[in-house]
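Tertiary structure, described
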There are 6 protein chains.
Amino acid sequence: MSYTQSHSFSDTLQRASGRAAGQLRPVVIHTGYTRYAEGSVLISMGETRVLCNASVLDKVPPFLKGQGRGWVTAEYGMLPRSTHTRSDREAARGKQSGRTQEIQRLIGRSLRAVFDLEALGERTLHLDCDVIQADGGTRCASITGAWVAAALAVRHLQKAGELAGNPVLDHVAAVSVGLVGQATLLDLDYSEDSGCGADVNVVMTGAGNLVEVQGTAEGQTFSRDTLNAMLDLAQAGIAQLVEEQKRALASA
Amino acid sequence: MSYTQSHSFSDTLQRASGRAAGQLRPVVIHTGYTRYAEGSVLISMGETRVLCNASVLDKVPPFLKGQGRGWVTAEYGMLPRSTHTRSDREAARGKQSGRTQEIQRLIGRSLRAVFDLEALGERTLHLDCDVIQADGGTRCASITGAWVAAALAVRHLQKAGELAGNPVLDHVAAVSVGLVGQATLLDLDYSEDSGCGADVNVVMTGAGNLVEVQGTAEGQTFSRDTLNAMLDLAQAGIAQLVEEQKRALASA
Amino acid sequence: MSYTQSHSFSDTLQRASGRAAGQLRPVVIHTGYTRYAEGSVLISMGETRVLCNASVLDKVPPFLKGQGRGWVTAEYGMLPRSTHTRSDREAARGKQSGRTQEIQRLIGRSLRAVFDLEALGERTLHLDCDVIQADGGTRCASITGAWVAAALAVRHLQKAGELAGNPVLDHVAAVSVGLVGQATLLDLDYSEDSGCGADVNVVMTGAGNLVEVQGTAEGQTFSRDTLNAMLDLAQAGIAQLVEEQKRALASA
Amino acid sequence: MSYTQSHSFSDTLQRASGRAAGQLRPVVIHTGYTRYAEGSVLISMGETRVLCNASVLDKVPPFLKGQGRGWVTAEYGMLPRSTHTRSDREAARGKQSGRTQEIQRLIGRSLRAVFDLEALGERTLHLDCDVIQADGGTRCASITGAWVAAALAVRHLQKAGELAGNPVLDHVAAVSVGLVGQATLLDLDYSEDSGCGADVNVVMTGAGNLVEVQGTAEGQTFSRDTLNAMLDLAQAGIAQLVEEQKRALASA
Amino acid sequence: MSYTQSHSFSDTLQRASGRAAGQLRPVVIHTGYTRYAEGSVLISMGETRVLCNASVLDKVPPFLKGQGRGWVTAEYGMLPRSTHTRSDREAARGKQSGRTQEIQRLIGRSLRAVFDLEALGERTLHLDCDVIQADGGTRCASITGAWVAAALAVRHLQKAGELAGNPVLDHVAAVSVGLVGQATLLDLDYSEDSGCGADVNVVMTGAGNLVEVQGTAEGQTFSRDTLNAMLDLAQAGIAQLVEEQKRALASA
Amino acid sequence: MSYTQSHSFSDTLQRASGRAAGQLRPVVIHTGYTRYAEGSVLISMGETRVLCNASVLDKVPPFLKGQGRGWVTAEYGMLPRSTHTRSDREAARGKQSGRTQEIQRLIGRSLRAVFDLEALGERTLHLDCDVIQADGGTRCASITGAWVAAALAVRHLQKAGELAGNPVLDHVAAVSVGLVGQATLLDLDYSEDSGCGADVNVVMTGAGNLVEVQGTAEGQTFSRDTLNAMLDLAQAGIAQLVEEQKRALASA
């Protein structure tokens, strides 16, 4: 993969955290965080912490009934005081925001891209991603952590002898890249995200294929070259996240 | 306080956990669990874990506007996979259950009983109690933990010089007692709670006064004597919880 | 039952109504108030009037299907102008308040405590308690009246030859007791309730066993002795209410 | 008013109640039924009973603010077991049915047609019409009863010296007429209503002017002549209802 | 049909559009407006434009299941900027207004009056009436247009050989008549409707029978004679609308 | 812009429509489609038709009040029978789907990227995008059409002398590209979209900068090279759409 990057200004911006432009925040994947879920992971990306619980449910959505295939889906929520100032509780307001629904649909699609639903059998892997503390990048952390939780739930099924094959086709992980002035920065924290002119959330497989690319101008439109520079950073970051996933699974 | 207990059968029942009838589960009050809330506590009662975050809001409900008095209120939620089997997400269903509303009203009332709302000034202490893992007694753990979170938020206001007096009048803590057969058992875990014939949730101040008593027959009505035996256990348990609160505050 | 009451200040307070501290308001249980319900009761406790209709439904909630057991449940509502000033209509607002849900759950649990659900067979007794006029104590009046309505519905089933045994195990009735200053007062009306420092709602069986105890500090925490004094008053009051229930059933 | 009625078959049909085709059910207007509302009426039309409470609110809807004019509006509800078989509680379902909204809009429009909103001053007359028992004709009984409740609330304001003029311009009352086979029948009860081919709800003033005409084919379309025959019956019935309103007001 | 019209002032009022009192706005019935619906019609009555789509659904409401009979129902909506000033989107507010529900119930009832539900077989004709542009009379235009869409859907079923008989018993169409001062005006546009003292929406069959009459005083009550004058205008207008329906079907 | 496209397989796939891989469907931008909106456009992309109405509202969201800046926002809806089979009406279900919210957020962000909100002044441009007929690509057509409607509304304000400067900074338009097997196809219709392995929705300015890139694997992950091939097609398509926008504005 080699695009000419005529604009690798990334190095010139000093990040408040002291991180290099292409440097991830410290990643910790804590497996077995809660005891009842078939797979449970607390993922930290710097100060962002998301609890990802995978539940195995012995049912599938109505449109899949009786076909012998399974389903993978996700729900997402932020605890009211996970953020710098308190947000309303969605359960109290009586509905999930558009942002919440957008994110949980993204997590579900991302995971399904690397699952063999036939091999899963007629059951649902339900991922609950709940943000305990939010410092930017919660949707990406959710995807990266949810994959580990789902893999642990699959291992649980395998140990119980309930799965013949392996429904996990590949890893999937995600990271954001932002454009701040002319600099491209990997894995934005909240204060960087607030000030950035555009950002892209990238979801990739272990094999380096794209699953989702969501690039958005936040006050600053961007060129194809800039997009490619951002994707370069994302790709390298995701490769590291996949390594963290492997380590977490190995030691779980 | 001395009621004749003609039926102290409590000792005769063997608890699965090996605990004595009047013994609390191990209590851990982890202060500063998240970083943005003005007061943040993760309280564990055995395997039950509740995150209690206190937010200071510079507003009061409409009925209090312009009176120079503050407010203390609470919201409660269970993460969908905090339980043995997954429960629906209330935000997705679009409403909070009757049980949830009952509990959050209880937490709010309990805290207000020990707060001087005039000394608090025209601001709100908003407590968010979110159950990370549920093994029985979540409403009681929420009250006990929320008090510590609220006290930390008050300390935060005091350090910032925003409070003249001390709005915290006393401790408040809560515990459940159950009736299993003829035995009264302190601080029921989930399996004990499922099998009990009646239970009582008791909320008391540090001075030993009652704030709330909620006794409920679950298949087994109970005598006044039994109620008193249960209250005896609760009172002793709450005294220990208050000690834990003090320790937590001292080391925070 | 004999607790030393070192504080029987009750007599010293003059009630606006002229009632003695331990005196109920006039109770009228009007059976057959509406004509379609299988059991219909208008209960008056002083100026509080609640219409309690019992419907026999030939279905049970999903979790009970096919088990040959029945269910008893309740719903509660206040007519918008049952109160001194008009309240919003819950159907128009689009949701039941937390208070409403709390009360209807309480009524349902209280009745189930004295029903043999197996003897009821696979049907539901659905109690609708609608407050026509509210002068305090509506939840207690609902329980006391609903029991009579339920008993009439059972009689209706028996007359129709649809019941082999008798699912009614005992009476259940309820009353409130309040703490005003140092005085304990039975069966609070609205103006007494507004001014009280603590109150307890007590639900008991005809045999004198406790079904529910809900004591709440409303600005004034209370001692175990005070709780016992309040329970003494309640117990005597409930015994009278049970007599009224018997009279009403006998003449229906 | 004299339209040639070529089809006065009305006399030939035997009504189950023994009533003549143009005969109202017994009407009872019980004033002062509840004690807190500024005007309170229980109206019975045969077995149909509707509680109509008029509340005086010191506010007007936003679109009327500051104009010195008042508003008259209504809400309608059926108690769940007012009917032969239990209906769902609208507050529990979380929304009012289309039928409910249609009826409460009708009641409000009907009353406004005979009120001088300027003479009312900047306040709202809020009518709550709650059906205690339903045997057909609840919307018509609501209008007839609500007018009396509203008039009582106006009298209450006048006695308190809060009204200079008289905002009540005329009476308003309502009745239904049905087409059963070829017969036109006044004031249908539920069993007649279920079997009728068309019906018309008519709202008229004391002066005999039309306020609302709502004719609906229920399986049987109808001619202009038939409509006129139905309106003849309605007009005579409404004149009697207006007399009942006068009697009720005079003795209140 | 001959009622003495002592007040045929209709001619004396000059309409802004230059129309005569009994003159319809230009009617255009555009069939096949969209391509997926089994019947699709854009009806214009002057500047009012409603898209009426008929869908054939292979299911019936629960209360009709297994009876071999069909159902005809309707839904109605206004695009947010169909009106002079933007209205809220009902989907965004989370509920349909009372007006919307009233209208869609009216459309459904009107169509069912001329359909043989047994001949339709166990399927539903679902009419969606969406107002693209609103200049008064949208409910009447919806009924008139929906009938054509429904007839086209029936033709679609017949061509596919799925219908033995013909479920369409007659035409149905609707128009409004208003009372402006003493003049009766046919087919009000928005500005006329805003200023009228009373109006009546009339739904009639091709045979000239009444299906619905909805007369409403909007500030001005009206006599039986006036009602008859309005019905005369409506009847003539509807006869023309039925001719337009025939023309549209013939050329579709 | 020149990326080596080692995989221009696009030409090899035969499209059902006969279109070339990089060919748009016929585009028609009908201005002035409805008469009340300040800007009104019906855009057709092949069989997809979206009505885009721009309303000028003299208010801004609360967070912008008093800052002298404006806002641009959008709502999106599909008529129930815009699709091949009927979908539920969102207003009837009582909530907008996650997909709907996702799309309307996208439209709003896309437009804001090319508007100078200060030059707009303290008013809102509210875009309503309602899908009359859906054959794929509705979100892209909405963006392309909404920009024209917004530009017309700005022209309306300018003609009325209410705008000093020009808030429109650039064009914005959108198109989808799909991956079907190894072929990349521009502007997918519904049947192509159903069968594609991945697609990307691209939003670009007139100057050729990216505003949004939303690439999604639908069963087939994709390489960076493939993404670039898709972006190449999109860029060329958007340039043509911008020309259509210019033509439409010029002739409006």
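Up top is the structure.
Reference entry: report on the structure contained in this document. All residue numbers here refer to positions counted from 1 along the written sequence of the relevant chain. Just so you know, chain letters begin at A and ligand numbers begin at 1, following the order they were written in. In keeping with the predicted nature of the model, local features appear solely for residues at pLDDT of at least 70, side-chain atom pairs appear and are counted solely at 80 or more, and the whole-chain, interface and lining totals rest on all residues. Note that water and hydrogens are dropped before the side-chain values are worked out from all heavy atoms of the structure.

Description of the relation of the copies chain D and chain E
Related by rotation about an axis and a shift along that axis, the two copies of the chain form a pair. Mapping chain D onto chain E calls for a screw motion: a turn of 180° about the axis and a shift of 0.1 Å along it, with 0.0 Å RMSD after fitting. Here the symmetry operator amounts to a two-fold rotation axis. When C-alpha distances to the rotation axis are compared across chain D, the minimum falls at D:Gln214, with a value of 2.3 Å. The share of interface residues of chain D whose copies in chain E are also at the interface is 100%, consistent with both copies meeting through the same surface. Each copy is superposed on the other by least squares, with the fit set by C-alpha atoms of residues at a pLDDT of at least 70 in both. Contact criterion: two residues are considered in contact whenever any of their non-hydrogen atoms come within 4.5 Å of each other.

Some details on the arrangement of the chains
Nothing in chain A touches chain D, and the closest approach of their C-alpha atoms is 12 Å. The closest approach of any C-alpha atom in chain C to one in chain F is 12 Å; the two make no contact.

Section: the interface of chain F and chain E
It is common to give the size of an interface as the accessible area that goes away when the parts come together. On the side of chain E, 39 residues touch chain F, which itself brings 39 residues to the contact. Once two parts are joined, some of their accessible surface, as seen by a 1.4 Å probe, is lost; buried area is that loss totalled over both. A combined buried area of about 3,000 Å² lies between chain F and chain E, and 49% of that area is made up of carbon and sulfur atoms. Here, a salt bridge means any side-chain nitrogen of Lys or Arg that lies within 4 Å of a carboxyl oxygen of Asp or Glu. The tally of links from chain F across to chain E stands at 14 salt bridges. Notably, a salt bridge pairs F:Glu75 with E:Arg86, separated by 3.0 Å at the nearest N-O pair. Helix and strand labels come from DSSP, where a helix needs a run of H or I of at least four residues and a strand needs a run of E of at least two; each type is numbered from the N terminus. Listing elements by their share of the side of chain F that touches chain E, those giving two or more residues are β3 (48-57), β4 (71-78), α1 (90-93) and β5 (124-133) of chain F. Considering every element that reaches the side of chain F that touches chain E, the biggest residue donor is β3(F), with seven residues. Polarity classes work like this: nonpolar for Ala, Val, Leu, Ile, Met, Phe, Trp, Tyr, Cys and Pro, charged for Asp, Glu, Lys and Arg, and polar for all others, with Gly in that last group. Tallied by class, the residues present in the side of chain F that touches chain E amount to 15 nonpolar, eleven polar and 13 charged.

Description of the environment of B:Val148
Residues and elements named next belong to chain B. Note on placement: Val148 falls in helix α4 (residues 138-159). What makes Val148 buried here is its relative accessible area of 0%. Separated by 98 residues in sequence, Val148 and Lys246 place their C-alpha atoms 8.6 Å apart. Classification of residues uses two cut-offs on accessible area relative to the type maximum, computed with a 1.4 Å probe and protein chains only: under 20% is buried, over 50% is exposed, and between them is partly exposed.

Quick notes on the relation of the copies chain F and chain E
Mapping chain F onto chain E is achieved by rotating through 180° and translating by 0.0 Å along the same axis, at an RMSD of 0.0 Å. Interface overlap between copies: 100% of the residues of chain F at the interface are likewise at the interface in chain E, consistent with a symmetric, same-surface contact.

As for the interface of chain D and chain E
Facing the 32 residues of chain D at the interface are 32 residues of chain E. Looking at the side of chain D facing chain E, the largest losses of area belong to D:Glu102, D:Leu210 and D:Arg224, adding up to 26% of the total buried there. Remark: the boundary between chain D and chain E carries four salt bridges. Residue E:Asp232 pairs with D:Arg224 through a salt bridge whose shortest N-O separation is 2.9 Å. The set of elements that each furnish at least two residues to the side of chain D that touches chain E consists of α2 (98-112), β8 (198-205), β9 (210-217) and α6 (224-251) of chain D. The element that contributes the greatest number of residues to the side of chain D that touches chain E is β9(D), accounting for eight residues. For the side of chain D that touches chain E, the class distribution of residues is eleven nonpolar, 13 polar and eight charged.

Here's the deal with the side chain of B:Ser55
Take B:Ser55: it is sitting in strand β3 (residues 48-57). The definition of a polar contact used here is a pair of N or O atoms within 3.5 Å, where within protein one atom must be able to donate a hydrogen and the other to accept one, and adjacent residues in sequence count solely through side-chain atom pairs. At 2.9 Å, the side chain of B:Ser55 and the side chain of A:Arg81 are in polar contact. Beyond its immediate chain neighbours, meaning those up to four positions away, B:Ser55 contacts A:Arg81, A:Arg86, B:Glu38, B:Thr124, B:Leu125 and B:His126.

Topic: the sheet that holds strand β1 (residues 27-31) of chain A
Residues and elements named next belong to chain A. As summarised here, the arrangement of the five strands in space is β1-β2-β3-β5-β4, forming an open sheet in which the pairing is mixed. Bordering the open sheet on either side are β1 and β4 (71-78), each of which pairs with just one other strand. Taken pair by pair, the neighbouring strands of this sheet meet at an average axis angle of 20°, ignoring direction. Summarising the sheet, β1 and strand β2 (residues 39-45) pair through five bridges and their orientation is antiparallel. The rule for pairing is simple: two strands pair if DSSP sees at least two bridges between them. Axis definition: a line fit to C-alpha positions, over the contact stretch in the case of helices; interaxial angles, taken between N-to-C directions, run 0 to 180 degrees.

As for the pattern of salt bridges
Counted according to the given criterion, the structure contains 120 salt bridges over all chains. Salt-bridge contacts for B:Lys246 lead to B:Glu243; the nearest nitrogen and oxygen are separated by 3.6 Å. Here B:Lys246 and its partner B:Glu243 are both found in helix α6 (residues 224-251), three residues apart, which amounts to about one turn of the helix. One salt bridge connects E:Glu90 with E:Arg93, and the closest N-O pair in it is separated by 3.6 Å. With E:Glu90 and E:Arg93 both in helix α1 (residues 90-93) and three residues apart, this pair spans about one turn of that helix. Ionic contacts of the salt-bridge type, sharing partners, join the residues A:Arg15, A:Arg19, A:Arg25, A:Asp135, A:Asp187 and A:Glu192 into one network.

Structural notes on the pairing of strand β2 (residues 39-45) of chain B
Residue and element names in this part refer to chain B. Where burial is concerned, most of β2 is hidden: seven out of the seven residues are buried. Alternating positions in β2 separate into two faces, Gly39, Val41, Ile43 and Met45 on one and Ser40, Leu42 and Ser44 on the other, with burial throughout. Hairpin remark: β2 followed by β3, antiparallel, with two residues in the connecting loop; positive phi at Gly46, about 60°.

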